Every structure is written in C-alpha cells, then in structure tokens.
Amino acid sequence: MTVKIVEHNELKLIGIPCISLKAMPSKYENAKEGLLSVAKHLPQVINEQVHYGIWPQSDVQKNPETHVYILCVEVSSFEGIPEWFFKTTIDPQKCVVAIDNSEKCYDNAGEKIGQFLKENGLKTSSENRKYTICERYDYEGEGYSRYSLPII
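Basis of the calculations
- Residues numbered from 1 in each chain as written.
- Predicted model: local features only at pLDDT ≥ 70, side-chain atom pairs only at ≥ 80, totals over all residues.
- Heavy atoms only, no water.
- 1 Å grid on protein atoms, 1.4 Å probe; cavity = no way out; pocket = protein on both sides within 12 Å on 5 of 7 lines; lining within 4 Å.
- Points joined across faces, edges and corners; volume = space filled by probe spheres on them.
- Helix = DSSP H or I, 4+ residues; strand = E, 2+ residues; numbered from the N terminus.
- Nonpolar A, V, L, I, M, F, W, Y, C, P; charged D, E, K, R; others polar.
- Buried < 20%, exposed > 50% of the residue type's maximum accessible area, 1.4 Å probe, protein only.
- Contact = heavy atoms within 4.5 Å.
- Pairing = 2+ DSSP bridges.
- Axes fitted to C-alpha atoms, helices over the stretch in contact; angles between N-to-C directions.
- Expected span 1.5 Å × (residues − 1).
- Arc of directions from axis to C-beta.
- Phe/Tyr/Trp six-rings, centres within 6.5 Å; stacked < 30°, edge-to-face > 60°.
- Lys NZ or Arg CZ within 6 Å of the ring centre and 35° of its normal.

Q: I'm lost on the layout of surface pockets in this one. Help?
A: One simple way to see leftover space: roll a probe sized like a water molecule over the atoms. Empty space within the largest pocket amounts to approximately 280 Å³. Around the largest pocket sit Leu21, Met24, Pro25, Tyr28, Trp55, His67, Tyr69, Cys105, Tyr106, Glu135, Tyr137 and Tyr144, which together line it. Secondary structure elements with two or more residues in the lining of the largest pocket: helix 1 (24–39), helix 2 (105–119) and strand 7 (131–138). In terms of residue count, the dominant contributor to the lining of the largest pocket is helix 1 (three residues). Of the residues in the lining of the largest pocket, the class split is ten nonpolar, one polar and one charged. Roughly 160 Å³ of internal volume is contained in the second largest pocket. Forming the walls of the second largest pocket are 13 residues, and the residues nearest its centre are Trp55, Arg146, Tyr147, Ser148 and Leu149.

Put into structure tokens, the structure is as follows:
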C-alpha cells in the first residue's frame, strides 16, 4: 500500500449521484457503467478511466437514507455537458491519499491515512467546502485510492 500527499488544482467534475446507503454497491456499479459509456461521447472528459467519488459536506451524510455519494469524471469545461449531469467545481486541495487494492481497501486505506496524519502532525478540515473528494478509481492504472479531508 502506498500513502502519499496529493495536490489537485481546481477540478471541474460531472457526475451521477448515488443516494442512500441501501444497495450502494449496485448504485455505484450503475453510475460507473453510465460514466464509462457516456464519457467516450463527451470530448470535454479529460480521462474516462479516472473516476472521483465525492461527498457533500453536510449533516445529512450521517443518515444512511440521505447519504449521498457522487461518482464523477473530470472535464475541461461544462459547455456542452448534458443538463442531467451533476456539475461542480472542487477548489484546489492537498490531501493524504492511500492506494490500496485489497478486499478491505476502504478500511485499510483509512487506517493508513490516519496513521500518516498522526505521524506527520497534519490536520485536515472540510471547512468552507461544499464537496470533498473521498476516493479515486484509476481503472487502467493504480486502482483504488482513498483520500483524507483536505490538509490545512
């Protein structure tokens, strides 16, 4: 497992929301299939094989029925993107990222991120952000990556 600090400039993302934790794996698979299918028809998509999972920073996330996960791809512009897509711009951020492709990737990566933050005396916060990146999937590269909240 690799743990590193990753810095992103501003990202323009379009995505498909998955609402409620009930049956989340199938909702995620449907969103993934939809993005992979449509992305090849949208010249604005930067890399159809790299998807970002983002979360709104809201108290509704604590409720399993109102929890929202949005699977996204990065675009160069929102011009010409169909209206039905979710669209947002993520402010620049620096995060601790753990790459893990094991069966328990989410939990294992979370432990490694927590350990890295503690060992390096780093603090994180979602303050003043509508959305934060929680994960990235690089289907032709490194695989699954879990993100910390932005480093402050």
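Q: In this structure, what is going on with the environment of Cys18? I would like to understand it.
A: Relative to the helices and strands, Cys18 is located in strand 2 (residues 11–19). Classification of Cys18 by relative accessible area gives buried; the value is 1%. The sequence separation of Cys18 and Val68 amounts to 50 residues, and the corresponding C-alpha distance is 5.8 Å. Residue contacts for Cys18: discarding those within four places in its chain leaves Met24, Lys27, Tyr28, Ala31, His67, Val68 and Tyr69.

Q: Looking at this model, I keep getting lost on the sheet that holds strand 6 (residues 93–99). Mind explaining?
A: Hydrogen bonds between backbone groups are what pair the strands of a sheet, and the pairing can be parallel or antiparallel. Spatially, 1-6-8-7-3-4-2-5 is the arrangement adopted by the eight strands of the open sheet, whose pairing is antiparallel. For this open sheet the edge positions go to strand 1 (2–8) and strand 5 (86–90), each flanked by a neighbour on one side alone. Strand-to-strand twist across the sheet, computed as the mean angle between neighbouring axes with direction ignored, equals 35 degrees. The pairing of strand 3 (residues 50–56) with strand 4 (residues 68–74) spans three bridges and is classified as antiparallel. When the sheet's bridge partners are listed, Gly53 is paired in strand 4 with Leu71.

Q: Even after reading the chapter, I still don't get helix 2, so can you show me in this structure?
A: An α-helical segment advances 3.6 residues per turn. Residues three or four places apart therefore align on the same side. Helix length check: helix 2, at 15 residues, gives a terminal C-alpha distance of 21 Å against a target of 21 Å (1.5 Å per residue), a fit within 8%. Considered for burial, the residues of helix 2 that qualify are Cys105, Ala109, Ile113 and Leu117. Looking straight down helix 2, one finds its buried side chains confined to an arc of 90 degrees; they lie on one side. Looking at helix 2, the residues exposed on the side facing more than 90 degrees away from the buried face are Glu111, Lys118 and Glu119. Residues of helix 2 that are buried make contact with strand 6 and strand 8 (143–147). One or two residues past the end of helix 2 sits Gly121, with phi positive at roughly 60 degrees.

Q: Help me understand the packing of aromatic side chains in this model?
A: The geometry of an aromatic ring pair comes down to the distance between the two centres and the angle between the two planes. Counting across every chain of the model gives five aromatic pairs. Ring geometry for Trp84 and Phe85: centres 4.1 Å apart, planes at 20 degrees, overall stacked. With relative accessibility at 57%, the residue Trp84 sits in the exposed group. Members of the aromatic cluster, joined through ring pairs, are Tyr28, Tyr137, Tyr139 and Tyr144. Residue placement shows Arg146 over the ring face of Tyr106; its charged tip is 3.7 Å from the ring centre.

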